[in-house]
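# Close look at the chain arrangement
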Amino acid sequence: MEATQRIACNADLINPLFTMGIQVSCVLVLSHFFHLVLKPLGQPGPIAQILAGVVIGPSALSKIGVVKKTFHSSSEDYYQILGLFSRIFFMFLIGLQLDLPYAMRNMRRVGTVALGGAITCSVFGAAVSLFLYDVLEIKGSKFLFALALMIIITNAASPVAIRLAVDNKLATSDVGRLVISSSLINDICCALLVCLMSIFSAASSKIGGKIRNGFLCLILLGVVVILNKHLSLWLNKRNRNLKHLKNTEFFCVLSLVVATAMFIEWSGYSSIVSCFLMGMMYPREGKTARTLMHKLSYSIHTFVLPVYFGYTGFQVDLGHLKSLENAEIVGAIVLLSIGGKITGTLAACRSLNIPVTSGVVLAFLLNVKGNVDLVLVGSAVQNYKWSAKANNLLLITIMINTVIVGPVVALIVSRETKSFGYCHVPFERQDPERELRILACVHGPRHVPTMARIIQSSNGAQSTPISPFLMHLIELPEKTKTNLMYNQLQDDELSDDDDYGGNDVVEINDIVDAFFAETGIMTRQLKVVSPFATMYEEVCNGAEDLRASIILLPFHKHQRIDGKMESGKEGVRITNQKVLRHATCTVAILVDRGFWLVGAPQGLGFEVPQHVAILFFGGPDDREALAYGRSMGMHPQVNLTVIRFLPESSKDHDAGMRIASYRDEVLMSIPGRENENEEDNAFLANFYNRYVTSGRVGYVEKYVDNGEQTVNALREMGDMYSLFIVGKGGRGQCPITIGMSDWEECPELGTVGDLLASADFDGSVLVIQQHRHQKIELIED
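Residues numbered from 1 in each chain as written. Predicted model: local features only at pLDDT ≥ 70, side-chain atom pairs only at ≥ 80, totals over all residues. Heavy atoms only, no water.

Along the protein chain, the regular secondary structure elements total 28 helices and 14 strands. Taken over 781 residues, the protein chain has a buried fraction of 54%. As presented, the protein chain carries roughly 35,400 Å² of accessible surface, and 57% of it is formed by carbon and sulfur atoms. (Helix = DSSP H or I, 4+ residues; strand = E, 2+ residues; numbered from the N terminus. Buried < 20%, exposed > 50% of the residue type's maximum accessible area, 1.4 Å probe, protein only. Areas by Shrake-Rupley, 256 points an atom, 1.4 Å probe, with all protein chains shown as cover.)

Here's what the structure looks like:
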């Protein structure tokens, strides 16, 4: 806040503001240039942005007289204010985007990793603090200097760690999510310690005022959190036909956040924690949260963070390293920081059975600096009586620690692609309690309700976490040639990426919001605008980036009022076929005829139990369908039945399923004829013992001789179930389905799925295809 007061007293505002504008422009230009050069080498964006600040700062260009004169010294105050507002916005956004359910589920793992590195770094920092106190010519309190040094060595800057995880495509992996959550805990704890330091450093006569201001800040924060909740609900109800908030409404929401943060800064405390808490406790549903994330994400990642990271490098003067003593001090602090993080984090990872390679990446990513550290060092000269030498050398250590992390992590991730890359494990080989990540794709609002109910039913087992994503696929029309100028085009001829989707976006948003209010399941929304020719690439790449367990695609036909199926756009069908061929995970196609779990289709408001059937003929796709459907059997409103089709001859030869009770255990003996049949029998035996014998899932066997009898059996049960789940194929020469493919219209559904999608059946159909791996390696956490 001292910088704000100096600016208020400065009459010559034009020259410093103009100078700061030039600096910001240079940082943006140079950071983009360095990013283009370093990106092919695997280096993340923050490294390029910090280097851009170093080049513009006193380490390089600012040594030139003309440049130094141009970059007026008073502009540094404005840069500090810009850094303050940057921290307010990106800490609020980090809180808004926080995956709180993951952090709560894995609090023990997250806390252990964060605490492991913090303890060792704190011990190392305290051990060398007395030596550095004399060397750096500190005149203030030894205790406060020791505490400050421990914070600097211990801190993990969450904005930098998150950005590095995203750039290295680790943000959705277990390692990346662990880094993000651990760095946030570390960052918040360090920020709280800085607040306590400000109390201890105050004069004895002012401590009471500091404590009183602290309580006022807590009360204000609580009031603003409650106000944000009611304000968000009120804004969500206004202008329901709009996809986003109006700019004035968006400005009012941000103004409330900024005003709260500025009051906390004026009270003598850092606003880092308060901004994060305001974002974390902000309501996630509705267009208010969508508008905040949409508008803040682009501006922060494109402009704010490059300038903030550039300011980190801009403050550093590497000329101080010409002195051998200074270079040794900086090297010692950097080595202590890296060594402490690696030692403590690896010890924590060993107790959690995390691989060593993952532990090393965790350690380096948790060693980045540049958030709380900058606030502490920036105020240390005035508040804690640090020397200019100590200030400069500690700034250099902050910059070097962060710059080292980028190349090291990029090198490890590029060499250990098997450990950190996307490796899908089929459902049949997964732990049933493993997190289920669903990517549901829709072309419009028609299929969203049924997709939402499929997601809800897949969350039957409360012990199985679920992370659903809804991807709105929008066709990018071909450009039409016209001789008209831009200002002569009609409104409907103008196009903007944010405007694609029309009113469909509003309808989809309303359905997603209602689904969240009803079930409490947060569905993250994505939008893809692409021509049908390349739309499958967007879906497959999105599934890899999100590390999806399964992709849900809508069938290209939809049901009319009279019950018949009507074909939609051919591009939808082609997209489905290409996704089935190229996706690196399990893919399911949904034939939508309605599937409701809570309330009748007319919205009567009473519970309607749904009957779901899994049809099992044999093969990897049917096993995958059975493995996916087991979570539905745990849902209280789903009656799940597994129906296995077997040749009639196996009934006479007792080659079917025999269940015997032996010593109060249910045993299953299924004589197998071939390797594939043995896998089917083994998987069914495990499924039966776990779910059928407990009464949670029903089991029925159907004996048929040929495809005609199979069709008749399916027609008999056509109106008994609201959802059929079946594998696409992979059954080989199955005698009980021979002849069924003669009237097949849609090969992408498989033989049985195509029959169930015909007008003779009423229930929805989910056709599942397992991704084939040449070699699957299971890595236990």
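Unusually for a residue other than glycine, Lys169 sits at a positive phi of about 60°. Relative to the elements of secondary structure, Lys169 occurs in the loop between helix H9 (158-167) and helix H10 (174-201). Owing to a relative accessible area of 63%, Lys169 belongs among the exposed residues under this scheme. Unusually for a residue other than glycine, Asn353 sits at a positive phi of about 60°. Among the structural elements, Asn353 can be located in the loop between helix H15 (324-351) and helix H16 (356-365).

Here we come to the sheet that holds strand S7 (residues 586-591). The mixed open sheet is built from 10 strands, whose spatial order is S3-S2-S1-S4-S7-S14-S13-S8-S9-S12. Where the open sheet ends on each side, the last strands, each with one partner, are strand S3 (524-530) and strand S12 (698-704). On average, each strand axis in the sheet is tilted by 20° relative to the strand beside it, whichever way the strands run. (Pairing = 2+ DSSP bridges. Axes fitted to C-alpha atoms, helices over the stretch in contact; angles between N-to-C directions.)

With that out of the way, let us pick up the nonpolar core. By size, the foremost hydrophobic cluster in this structure holds 108 residues, and its most contacted members are Leu292 and Trp386. Counting residues in each nonpolar core, the second largest holds 51 residues, with Val704, Ala713, Leu714 and Val752 among its members. (Core = buried A, V, L, I, M, F, W, Y, C linked by side-chain atoms within 4.5 Å.)

Moving on, we get to the packing of helix H3 (residues 45-56) against helix H14 (residues 286-314). Running from amino to carboxyl end, H3 crosses H14 at an angle of 50°, the nearest separation of the two axes being 6 Å. As summarised for this structure, H3 and H14 are arranged oblique, according to the angle between their axes. Here H3 runs over H14; the crossing is right-handed. For the pair H3 and H14, the contacting residues are Pro46, Gln49, Ile50, Gly53, Val54 and Ile56 in the first and Leu305, Pro306, Phe309, Gly310, Gly313 and Phe314 in the second. (Parallel < 35°, antiparallel > 145°, perpendicular 65-115°, else oblique. Left-handed = near helix turned anticlockwise from the far one by under 90°. Contact = heavy atoms within 4.5 Å.)

To continue, consider the pattern of salt bridges. Scanning all chains against the criterion turns up 17 salt bridges. Arg437 is paired through a salt bridge with Glu435; the nearest N and O atoms lie 3.5 Å apart. Among the residues examined, Glu435 registers a relative accessible area of 14% and is labelled buried. Its salt-bridge partner being Arg715, residue Asp760 comes within 3.3 Å of it at the nearest N-O pair. Of this pair, Asp760 sits in the loop between helix H28 (750-756) and strand S14 (764-769) while Arg715 sits in helix H27 (residues 707-716), placing them 45 residues apart in sequence. Assessed through its relative accessible area of 51%, Asp760 is described here as exposed. (Salt bridge = Lys/Arg side-chain N within 4 Å of Asp/Glu carboxyl O.)

Here the focus is the pairing of strand S8 (residues 610-616). Burial analysis of S8 places 6 of its 7 residues in the buried class, the great majority of the element. As paired strands, S8 and strand S9 (residues 638-647) are joined by 7 bridges and run parallel to one another. Across the sheet, residue His611 finds its bridge partner in S9, namely Asn639. After leaving S8, the chain enters helix H24 (residues 620-629) and then returns to the sheet as S9, a path that is right-handed. Note: S8 against strand S13 (residues 723-727), 4 bridges, orientation parallel. In the sheet register, Ala613 faces S13, and the bridge partner there is Phe724. (Right-handed = clockwise from strand over helix to strand, strands pointing away.)

Within helix H13 (residues 272-280), 8 of the 9 residues are buried, leaving the element largely enclosed by the surrounding structure. Three or more residues of H13 are buried, namely Ile272, Val273, Ser274, Cys275, Phe276, Met278, Gly279 and Met280.

In this model H15 runs 40 Å from its N-terminal to its C-terminal C-alpha over 28 residues, within 8% of the 40 Å that 1.5 Å per residue would give. After H15 finishes, the residue Asn353 shows a positive phi value of roughly 60°. (Expected span 1.5 Å × (residues − 1).)

Turning to the packing of aromatic side chains, a few remarks are in order. Evaluation of the coordinates by the stated rule reveals 13 aromatic pairs. Their ring planes at 55° and their centres at 5.7 Å tell us that Phe33 and Phe34 sit as a pair that is tilted. Three or more aromatic residues link up through ring pairs in this structure, and these residues are Phe90, Tyr308 and Phe309. Over the ring of Tyr269 we find Lys210; its NZ or CZ atom is 5.4 Å from the centre of that ring. Looking at Lys295, its charged tip hangs above the ring of Phe250, at a distance of 5.3 Å from the centre. (Phe/Tyr/Trp six-rings, centres within 6.5 Å; stacked < 30°, edge-to-face > 60°. Lys NZ or Arg CZ within 6 Å of the ring centre and 35° of its normal.)

With respect to the helices and strands, Leu366 occurs in the loop between H16 and helix H17 (372-383). Judged by relative accessible area, which is 3%, Leu366 ranks as buried. Along the sequence, Leu366 and Asn155 sit 211 residues apart, while their C-alpha atoms lie 7.8 Å from each other. In contact with Leu366, not counting residues within four places along its chain, are Val113, Asn155, Ala156, Val179, Ser182, Ser183 and Lys341.

Right, let's get into a nonpolar patch on the surface. Taken together, the side chains of Phe143, Leu193, Leu196 and Phe200 present a nonpolar region at the surface, about 400 Å² in accessible area. Along the chain, Leu193 turns up in helix H10. On the accessibility criterion, Leu193 (33% relative accessible area) is partly exposed. (Patch = residues over 30% accessible without salt bridge, like charges linked within 9 Å, V, L, I, M, F, W, Y side chains within 5 Å.)

What follows covers the environment of Arg429. Its location among the elements puts Arg429 in the loop between helix H19 (417-420) and strand S1 (436-442). Sequence spacing of Arg429 and Glu624 is 195 residues, and the spatial spacing of their C-alpha atoms is 9.0 Å.

Our next topic: the confidence of the model for the protein chain. Per-residue pLDDT for the protein chain has a mean of 82; in total, 85% of the residues score no lower than 70. In this model, residues 480-496 is a region of pLDDT below 50 whose contacts with residues beyond four sequence positions or in other chains number 5 contacts. Throughout residues 653-673 the model reports pLDDT below 50, and contacts reaching past four residues in sequence, or to other chains, amount to 41 contacts. (pLDDT = per-residue confidence, 0-100.)

Its location among the elements puts Ala757 in the loop between H28 and S14. The spacing of Ala757 and Phe724 is 33 residues in sequence and 10.0 Å in space, taken between C-alpha atoms. The contact partners of Ala757, leaving out residues within four places of it in the chain, are Phe555, Met565, Val591, Arg593, Leu749 and Val765.

Another aspect to go through is the state of the cysteines. Applying the stated rule across the entire model yields 0 disulfides. The structure places no disulfide on Cys189, whose sulfur is separated from the nearest cysteine sulfur, that of Cys190, by 7.0 Å. (Disulfide = S-S within 2.5 Å.)

This brings us to the side chain of Ser358. Within the secondary structure layout, Ser358 lies in helix H16. Ser358 sits in the buried class, given a relative accessible area of 8%. With near-sequence residues (within four places) excluded, Ser358 lies in contact with Val175 and Phe420.

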